[in-house]
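Given next are the chains, with one letter for each unit.
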Amino acid sequence: MYYSSGNYEAFAHPKKPEGVDHKSAYIIGSGLAALTAACYLVRDGQMKGEHVHVFEKNALAGGACDGYKYDIGYVMRGGREMDNHFEVMWDMLHSIPSLETEGASVLDEYYWLNKEDPNFSLCRATVNRGEDAHTDGKFGLSDKGAMEIMKLFFTPDEQLQDKKITDFFDDEVLNSNFWMYWRTMFAFENWHSALEMKLYLKRYIHHIGGLPDFTALRFTRYNQYESIILPMVRYLEGFGVQFHYNTKVTNIEFELTGSKKQARTICLLVDDEAERVDLTENDLVFITNGCCTDTSCYGDQTHAPDLSKVKNGAGESWDLWKNIAAQAKHGEYGNPDKFCSDVDATNWMSATVATSNEEIIQHIMNICKRDPRSGKVTTGGIVTVKDSSWLMSWTINRQPHFKAQPKDQLVVWVYGLYTDRPGDFIKKPMRECTGIEITEEWLYHLGVPEDQIYDMAVKSAHCVPCMMPYVTAFFMPRAYGDRPNVVPDGSVNFAFLGQFAETPRDTIFTTEYSMRTGMEAVYILL
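Right, let's walk through the structure included here. Note that the structure is predicted; figures quoted are calculated from it, not measured.

A look at the overall build of the chain
Per the secondary structure count, the chain includes 15 helices and 18 strands. Over its C-alpha trace the chain gives a radius of gyration of 23 Å, about what one expects of a compact globule, namely 24 Å for 526 residues. Its C-alpha atoms give the chain principal-axis dimensions of roughly 70 × 50 × 50 Å. In the chain, which comprises 526 residues, the share counted as buried stands at 60%. Intrachain contacts of the chain at a sequence separation of at least 6 include 73% that bridge at least 24 residues. Surface accessibility of the chain: about 21300 Å² in total, with carbon and sulfur atoms responsible for 50%.

Quick look at the nonpolar core
By size, the foremost hydrophobic cluster in this structure holds 131 residues, and its most contacted members are Phe169, Trp182, Met197, Ile252, Ile266 and Phe286. It is helix α1 (residues 32–43) that provides the largest number of residues to this core, a total of ten residues. Among all residues touching Phe286, those that are not within four sequence positions of it are Ala25, Tyr26, Ile27, Ile28, Ala37, Leu41, Ala495, Leu497, Ala521, Val522 and Leu525. Cys297, Ile367, Val385 and Ala457 belong to the second largest nonpolar core, which has 35 residues in total.

Digging into the sheet that holds strand β9 (residues 260–270)
On the basis of which strands lie adjacent, the open sheet formed by three strands has the order β8-β9-β10 and antiparallel pairing. With one partner strand each, in any of the chains shown, β8 (247–257) and β10 (273–278) form the two edges of the open sheet. Going across the sheet, the axis of each strand differs from the next one's by a mean of 25°, ignoring polarity. Where β9 and β10 come together, six bridges link them in antiparallel fashion. Directly across from Val270, in β10, lies its bridge partner Glu273.

Describing the packing of α1 against helix α8 (residues 224–238)
At a minimum axis separation of 10 Å, α1 and α8 run at an interaxial angle of 35°. As α1 packs across α8, the resulting crossing turns out to be left-handed. Judged by residue contacts, Leu32, Leu35, Thr36, Ala38, Cys39, Val42 and Arg43 of α1 engage Ile228, Ile229, Met232, Val233, Tyr235 and Leu236 from α8. Tallied by class, residues from the contact of α1 with α8 come to eleven nonpolar, one polar and one charged.

Side note on the environment of Lys48
Looking at where Lys48 falls in the secondary structure, it is placed in the loop between α1 and β2 (52–55). The spatial distance from the C-alpha of Lys48 to the C-alpha of Ser24 is 8.2 Å, given a sequence separation of 24 residues.

Structural notes on the environment of Met150
Relative to the assigned elements, Met150 resides in helix α4 (residues 143–154). Each C-alpha atom of the pair Met150 and Lys198 lies 9.6 Å from the other, and the pair is 48 residues apart in sequence.

Some details on helix α9 (residues 316–325)
An α-helical turn contains 3.6 residues, so a residue and the one three or four places further along point in the same direction. Taken residue by residue, α9 has Ser317, Trp318, Leu320, Trp321, Ile324 and Ala325 as its buried positions. All buried residues of α9 fall inside an arc of 160° around its axis, so they share one side.

Focus on the sheet that holds strand β18 (residues 494–497)
Strand order in this open sheet of five strands is β7-β2-β1-β11-β18, and the pairing throughout is parallel. Either end of the sheet is taken by a strand with one partner, and the two such strands are β7 (242–244) and β18. On average, each strand axis in the sheet is tilted by 20° relative to the strand beside it, whichever way the strands run. Relative to β18, strand β11 (residues 283–288) is paired through four bridges, and the arrangement is parallel. Along β18, the bridge assignment pairs Phe286 with Ala495. The sheet contacts of helix α15 (residues 511–525) involve β11 and β18, and relative to β18 the element is tilted by about 170°.

Observations concerning unusual backbone geometry
Excluding glycine, most residues fall at negative phi; most peptide bonds, likewise, are trans. In this structure, the amide linkage connecting Gln399 to the following residue, Pro400, adopts the cis form with an omega of 0°. Positive phi, normally seen in glycine, also occurs at Asn246, with a value near 55°. Here Asn246 shows up in the loop between β7 and β8. Judged by its relative accessible area of 38%, Asn246 falls in the partly exposed class. The phi torsion at Thr295 lies on the positive side, around 60°, for a residue other than glycine.

Quick notes on the packing of aromatic side chains
Scanning the entire structure with this criterion turns up 43 aromatic pairs. Both rings, one in Tyr40 and one in Tyr523, keep their centres 6.2 Å apart while their planes meet at 75°; by these two values the pair is edge-to-face. Of this pair, Tyr40 sits in helix α1 while Tyr523 sits in helix α15, and the two are 483 residues apart along the sequence. Overall, the relative accessible area of 39% leaves Tyr523 in the partly exposed class. The aromatic ring of Tyr74 is capped on one face by Lys69, whose charged end is 5.0 Å from the ring centroid. For Arg221, the ring lying beneath its charged end belongs to Tyr222, and the centroid distance is 5.0 Å.

A closer look at the packing of helix α6 (residues 177–186) against helix α7 (residues 194–203)
Interaxial distance between α6 and α7 falls to 13 Å at its minimum, and their mutual angle equals 100°. Of the possible angle classes, the one that applies to α6 and α7 is roughly perpendicular. Contacts between α6 and α7 involve Phe178, Trp179, Trp182 and Phe186 from the former and Met197, Tyr200 and Leu201 from the latter. Considering only residue class, the contact of α6 with α7 consists of seven nonpolar, no polar and no charged.

As for the pattern of salt bridges
Tallying each qualifying case throughout the model produces 33 salt bridges. Between Asp21 and Lys16 there is a salt bridge; the shortest N-O distance is 3.1 Å. The salt bridge involving Arg478 is made with Glu502; its shortest N-O contact spans 3.7 Å. Remark: Glu502 occurs in the loop between β18 and α15 and Arg478 occurs in the loop between β17 (461–468) and β18; sequence separation between them is 24 residues. By relative accessible area, Glu502 is classed as partly exposed at 21%. If you follow the salt bridges from partner to partner, you end up with Asp83, Glu87, Arg203, Asp506, Glu512 and Arg516 in one network.

Criteria and thresholds
- Residues numbered from 1 in each chain as written.
- Predicted model: local features only at pLDDT ≥ 70, side-chain atom pairs only at ≥ 80, totals over all residues.
- Heavy atoms only, no water.
- Helix = DSSP H or I, 4+ residues; strand = E, 2+ residues; numbered from the N terminus.
- Rg over C-alpha atoms; globule rule 2.2 N^0.38 Å.
- Buried < 20%, exposed > 50% of the residue type's maximum accessible area, 1.4 Å probe, protein only.
- Contact = heavy atoms within 4.5 Å.
- Areas by Shrake-Rupley, 256 points an atom, 1.4 Å probe, with all protein chains shown as cover.
- Core = buried A, V, L, I, M, F, W, Y, C linked by side-chain atoms within 4.5 Å.
- Pairing = 2+ DSSP bridges.
- Axes fitted to C-alpha atoms, helices over the stretch in contact; angles between N-to-C directions.
- Left-handed = near helix turned anticlockwise from the far one by under 90°.
- Nonpolar A, V, L, I, M, F, W, Y, C, P; charged D, E, K, R; others polar.
- Arc of directions from axis to C-beta.
- Phe/Tyr/Trp six-rings, centres within 6.5 Å; stacked < 30°, edge-to-face > 60°.
- Lys NZ or Arg CZ within 6 Å of the ring centre and 35° of its normal.
- Parallel < 35°, antiparallel > 145°, perpendicular 65-115°, else oblique.
- Salt bridge = Lys/Arg side-chain N within 4 Å of Asp/Glu carboxyl O.

Keep in mind that these numbers describe shape and distance, not what the molecule does.
Next up, the structure:
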C-alpha cells in the first residue's frame, strides 16, 4: 500500500486503472468495510457497477451497523461514535448523496448537524439509583497509575504480543475514573489485549481530555443503518452494483503456484442451494473474515435470548475464516481461533428500549439535564451506572432515532459488560433476563420507586435484548499474524476486510478501521 501524508493527494481524481473494464469484483459480506470497498471500486477504481457483486447472507445490508424495527420491536445492537480525525470515512461520505437533503452529501448533513448541535455530556455516571456520581471530569489516577499507563504507552509493540491489560495495569488504574471512562466507552475488559490498549492510547491521545464529557465525539442524525448504510447502498445501486441477498459464502478455494496466491472458486449457498463461482485473475475477491455480531441471539419483552447456539468457535463467519485459514501454508490467512475460542471473555449484551411514559422521561431528564424530545443531543454519550452489578450503561441519541419512530416515543440503548452476574434489582444474570426484566433493572438505576418499576416495565416500555457472544473478539490478546494482512503477500486477486484484517494505520472497533481496510484493498488490487 502506498501511503501519503497531508491532504495534497486527497482531492486529486485518480486515473482509471489499466484493464479495469475487464475486471469483476465479488465482495463477501455487506458490512461497512464491504460497502466501502464497493464504493471505492466504482468511484476511484471506475469499475462498472454491474461488474461488482455483493454477497450477503441476510436479507438486509449493513452487517454490525444495524438499526431496524422488526416484529419484536426496535433493534440496534450497538452504536457508532465518530471522531473528527477520521480520513477514509469522511473522504467517502462526502461522495455519498444525502437521502434527505437534495444537493447535499452524507458528510454535509453530518457536519451541519454536529456543528449546530455539538455533543457533550452533562452527567457521565450515576450512583445510588440515579444520583450524579460527580466524576466531575477527573481521571482519579494516582502517580503510580499514571506511570503504569506511560509504561504501556512506551513499550514496543513487539513486547506486547499476547499480553493482557492486567499484565501492565493493577488497581491503581483499574479502580480509577479513567478506566471507568475508557472501558465503558470502548468496551475494553481487564483481560483484553495490552497491544490494542496501547494502539488506542496512541490513536486517541488528542481526545483524552474529552473522555469525561464526550466532547470528542460526533454522532449521526439517525441510527447507523439509516444514516450511513442505506445511503451507501442507494449510491451503489445507482451505479448498478449487484446485491445478492440470502447468499452465504461457505468457502473460498485458493491455488498456490510458487509464491503466487490466487482465489479460484467461491463456494456459495443461495437460498440453501449450493453454487460455485469460478474465478480468474481478473475476478477480484474481497473477504470479510470474522464478524463481531456473529451468532447474535435476540429475546423479546417476555423471553430471554436463546443461547443454545452459543458455543466457543461457533458461527458462520468463523466457519468461513477457518476454511480459508486451513489452506494457508504459513499461517498467512490468520488465526481465527485466537478470537473466537472464549465467548465468556468476548460477550456483552445490549437492549433497545422504547417508551413514551412521562414519568420515565422525567427520571431521564433528572439525570441528563436535557429534554430528550427536543431533537437535540440528550445524554451526549453513555451514562454509566458505576454501582451496577452488570456495569450497565445507557444512552439516548438525538430523537427520533428511527425515521418512522412516533413523535412522542423515545428509543434508548442499554448495555451491560458483565452478563454473568446477578443484577441489583433483578437477581438474575443479564443473559437470562427478558426484555421486561432488563427494563426493570434500568428503571431501578434511574431511581424509579421500586413499587412502580414492574408496572412501568410491563405497560410503559418495550425492550428487545440481544446477546452478542463475539462482540469484543477483536480485543482478545493476539500476536502478529493472527489477523491476515488486507492483501496477503503473493495475492493476485483477493483481499481481507473488516475488523479482523490487519492494517497498520488505524485501530479496530472503529468505523474508520473498517472503511480503511476496504479502501486499502481496492487501491492495492487495482
